[in-house]
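# Inside the fold
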Amino acid sequence: MKIAGKEMRTIWVESDGAGIGTIDQTLLPHRFATARLTTLDDAVRAIKTMQVRGAPLIGATAAYGVWLALRSDASDENLERAYGALLAARPTAINLQWALDQMLAAVRNRPRAERVAAALRRAGEIAEEDVRINQAIGRHGLKLIEEIAARKKGERVNVLTHCNAGWLATVDWGTATAPIYMAHDKGLPVHVFADETRPRNQGASLTAWELGHHGVPHTVIPDNTGGHLMQHGLVDLVIVGTDRVTAQGDVCNKIGTYLKALAAHDNKVPFYVALPSPTIDFSVSDGLTEIPIEQRSPDEVATMTGKTKDGRIETVQIIPDGSAVANYGFDVTPARLVTGLITERGVIGANRAALAETYPERAENRDKIAS
Ligand code: MRU
């Protein structure tokens, strides 16, 4: 994606080779600043504080985090320590564990002297792979938008999305946004309703910011608006991202996704989930009981941060002193509410057979481990 006319990714090895560059997403949309990560602790902190966020980007950051850790000490003990610290940084997105397992496999059986180079190489491959996967997701999802555009004969196609499953959440392109960017680049009249996504407002702050930079027409809506829009025929399709999809096709994503799926189902609006294969967790089936749901600080609900009229960034409290707060980060949409999964291998049903048929090597591997 281009930021201020310059092609950029969300994570890169710094030109002096001394660390990793990322975008500090906690400052957007009001300030664009990059952050340099040079140690394992930096990587863990960046993931925990959501300077970097979004399932695929968390995975890529963790992969580079292993490289950063091994640079100071390439021992087995330090590898284990890095794996544990990064894994504990955020519990719900399975891409984190996937990336760490990939890193472990790439370095564990090598002599110490080779580990740092091997880690950097594998982390780079994970990042590149993410870009390729998202491009493929984009091409498959584009067909869905093209079909609707053809049916609507040039009228705008309205896509509703929740949270940020965009460029910022991945290494490039995004998952839910890849079909949107491709449709827009092809000249299709695509317009996005971006749910604000309380409490951290990833839709209002991040999705709106990146769509704006790419020139995609969009409208930010309060989280409660989607159902009303769907009842009035104002949404042609929903595309969301996900942090974990189970073997039976249940979809875990940012809190509030389930309510959008219910509204879409009631109004016969197609509800698609865009995902890269590292987001599939073949080791779990029932999303409702088997996926750990992150609970974050009450402060995220109790306060809001924004720009004042004179340009200062302020955080204010929006609830009474002493009120209790619940802050569940994610929810689970049962497979029956999902019209289809947009994967890098095509658009498939959200069910066990389709997932196993599309990713036989992953599903079989899982069966082998289980038996
Ligand atoms: O808490 P976040 O901002 O990391 O949550 C992000 C989401 O829920 C995204 O939809 C998901 O990670 C998919 S990103 C391609």
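One structure accompanies this document, and this report is about it. (Residues numbered from 1 in each chain as written. Predicted model: local features only at pLDDT ≥ 70, side-chain atom pairs only at ≥ 80, totals over all residues. Heavy atoms only, no water.)

Along its 13 residues, helix H7 (residues 202–214) runs 17 Å from first to last C-alpha, staying within 8% of the 18 Å computed at 1.5 Å per residue. Of all the bends in H7, the greatest, near 25°, is centred on Ala-208. When we look at burial in H7, the residues that qualify are Gln-202, Gly-203, Ser-205, Leu-206, Thr-207, Ala-208, Trp-209, Glu-210 and Leu-211. Residues of H7 that are buried make contact with strand E1 (2–3), strand E6 (157–161), helix H6 (177–185), strand E7 (190–195), strand E8 (218–221) and strand E11 (251–254). Gly-215 occupies a position one or two residues after H7 and carries a positive phi of about 80°. (Helix = DSSP H or I, 4+ residues; strand = E, 2+ residues; numbered from the N terminus. Expected span 1.5 Å × (residues − 1). Bend = angle between axes of the 7 residues up to and from the residue. Buried < 20%, exposed > 50% of the residue type's maximum accessible area, 1.4 Å probe, protein only. Contact = heavy atoms within 4.5 Å.)

A separate point is the site of the ligand. Around the ligand, the structure places 18 residues, and the nearest of them are Arg-53, Arg-90, Gln-202, Asn-253 and Lys-254. Within the side chain of Arg-90, a nitrogen or oxygen atom sits 2.8 Å from an oxygen atom of the ligand. In this structure, an oxygen atom belonging to the ligand sits 2.8 Å away from a side-chain N or O atom of Gln-202. Within the complex, 100% of the 420 Å² of free accessible area of the ligand lies under protein. For the shell around the ligand, the secondary structure elements donating two or more residues are helix H2 (55–72) and E11. Considered class by class, the residues forming the shell around the ligand number seven nonpolar, seven polar and four charged. Three or more residues apiece are contributed to the shell around the ligand by two domains, here domain 1 (2–129) and domain 2 (139–370). (Near = heavy atom within 4 Å. Polar contact = N/O pair within 3.5 Å; in protein donor to acceptor, adjacent residues only side chain to side chain. Areas by Shrake-Rupley, 256 points an atom, 1.4 Å probe, with all protein chains shown as cover. Nonpolar A, V, L, I, M, F, W, Y, C, P; charged D, E, K, R; others polar. Domains from an automatic or database assignment.)

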